[in-house]
Amino acid sequence: MGKILGIIGGGQLGMMIAEAAKNMTDEIEKIIVLDPTENCPAAQVGAEQIVADFKNRNAIVELSEKSDIITYEIESGDSDVLKSVEKNAEINPSPETLRIIQDKFLQKTFLKENNIPVPDFIQINSIEEVKKGVEDYGLPALLKARRDAYDGRGNYKIDTSEDIQKAYDYFKGQKLMLERFVPFKMEVSVIASRNTKGQIKTYPLVENIHEDNILRETIAPARVSDQIIKNAEEIAEKTMTVLKGAGVFGIEMFVTQDDQIVINEIAPRVHNSGHHSLQSSETSQFEQHLRAILGLELGSTKLVHNTIMYNILGNKSFQGEYKPLKLDDKNLYLKMYGKKVSKPLRKLGHFNLVGNEGETIDQLIERLEAIKPRAIVEST
Ligand code: AMP
């Protein structure tokens, strides 16, 4: 008999995990997601749904009673509540790993203590500490909310000393940290996996292009030297060794001006910069996550085709229902997430553009540029 898998969050990540589970019916009998949006993306592909807030204690208890294993597609789950339901279901990654990762200050402290490179940072408890930190680090510097921040929404870039007060007021009442600004050459990431038995595998380094603090495009593989690739993959592996959690993790990094790697942040879940693996790799990150939390042998992470992933984001100029998007090109794989309503910069879908025989990365980028003007969501 297969297991019943509970997922906290039923958005596009939960949806793609549920789809991967359909090819593993011997291991997974059913998926139940907990999500506040009725008929969330994962429910549209057959997952059962408990409609409730991610932090609703009763709903998490109900999910744990109905599931053999619990995992998540968002990192904002309440780690204390999750810890209290460990007697009902196995939870991967563990609530302790989640507790460390979901607080950026604890996460960076943990990495630093384990000699894994991160930008300089300090904890902030008063505006005086921001002023002192800015004096030490120079401008610009980044004031960051420690928790519940994603897609850049938890960051305030302090460019001038006048910004200090504004930045501090912006986060009123939240726990904060200050970070040295890294004038990076490139943003890259490693999708890493560790199964419950301790086996670790990393996917090849990819290059990430952000716009408005949101991931726009991932180029697989990253256009960097072999030395940088080696360094980044070693750092990712070391991170997985010390973190101990089971599952897939997205490890975002910066390549500095002198070609060093520092970790920006870790997501304890499948990651947008790993969506290319659906077509580029021997094992998708979604299948890998399932293999990891079920304690199965991890799949091959070999990149079989050069691929660029492009996110379809909600148009900045409207909110509401939108026309279905159709995109055709050779080896273009469009995946829309079934969200009814578009909002500015909301992630509505993505496509993977897979390299044709003999096509170089530069040619693939050119092909993508020609497609981009058609990859726009319009109001109905
Ligand atoms: P985060 O939400 O912290 O991952 O940050 C979102 C984006 O802000 C990153 O992808 C970077 O482009 C930028 N960013 C975050 N931290 C730094 C930093 N210390 N120096 C420069 N840019 C940063």
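Worth saying up front: this structure is predicted, and the values here are computed from it rather than measured.

So, about the sheet that holds strand 4 (residues 69–72). Read from one edge to the other, the open sheet built from five strands follows the order 3-2-1-4-5, with strand pairing classed as parallel. The sheet is open, and its two borders are formed by strand 3 (48–51) and strand 5 (90–91), each paired with just one other strand. The sheet contact formed by strand 2 (residues 28–35) and strand 3 spans four bridges and is parallel. Bridge pairing links leucine 34 to isoleucine 50 in strand 3.

With that settled, the discussion passes to the domain arrangement of the chain. For the chain, the domain assignment lists domain 1 (3–91), domain 2 (120–180) and domain 3 (186–374). A separation of 28 Å is found between the C-alpha centroids of domain 2 and domain 3.

Looking at the secondary structure, you find leucine 13 in helix 1 (residues 12–21). Among the residues examined, leucine 13 registers a relative accessible area of 9% and is labelled buried. Along the sequence, leucine 13 and histidine 275 sit 262 residues apart, while their C-alpha atoms lie 9.3 Å from each other. Dropping the residues within four chain positions of it, leucine 13 is found in contact with Glu73, Arg269, Val270, His275 and Phe286.

Now for unusual backbone geometry. The omega angle of the peptide bond from leucine 139 to proline 140 is -5°, so this bond is cis rather than trans. Mapping proline 140 onto the fold places it in the loop between helix 7 (127–137) and strand 7 (141–145). Put simply, alanine 220 and proline 221 share a cis peptide bond, and its omega is 5°. Structurally, proline 221 is set in the loop between strand 13 (214–220) and helix 9 (226–243). A positive phi angle is found at asparagine 39, which is not glycine, with a value near 50°. Asparagine 39 gets classed as partly exposed once you look at its relative accessible area, which sits at 48%. Phi is positive for lysine 244, which is not a glycine, with a value near 70°. Position of lysine 244 among the secondary structure elements: in the loop between helix 9 and strand 14 (247–255).

Turning to the packing of helix 1 against helix 11 (residues 285–294), a few remarks are in order. The interhelical angle for the contact between helix 1 and helix 11, taken along N-to-C directions, is 75°, at an axis separation of 8 Å. By the angle class used here, helix 1 and helix 11 are roughly perpendicular. Facing helix 1, whose interface residues are Leu13, Met16, Ile17, Ala20 and Ala21, helix 11 presents Phe286, Glu287, His289 and Leu290. Residue classes in the contact of helix 1 with helix 11 are distributed as seven nonpolar, one polar and one charged.

Conventions used here
Residues numbered from 1 in each chain as written. Predicted model: local features only at pLDDT ≥ 70, side-chain atom pairs only at ≥ 80, totals over all residues. Heavy atoms only, no water. Pairing = 2+ DSSP bridges. Helix = DSSP H or I, 4+ residues; strand = E, 2+ residues; numbered from the N terminus. Domains from an automatic or database assignment. Buried < 20%, exposed > 50% of the residue type's maximum accessible area, 1.4 Å probe, protein only. Contact = heavy atoms within 4.5 Å. Axes fitted to C-alpha atoms, helices over the stretch in contact; angles between N-to-C directions. Parallel < 35°, antiparallel > 145°, perpendicular 65-115°, else oblique. Nonpolar A, V, L, I, M, F, W, Y, C, P; charged D, E, K, R; others polar.

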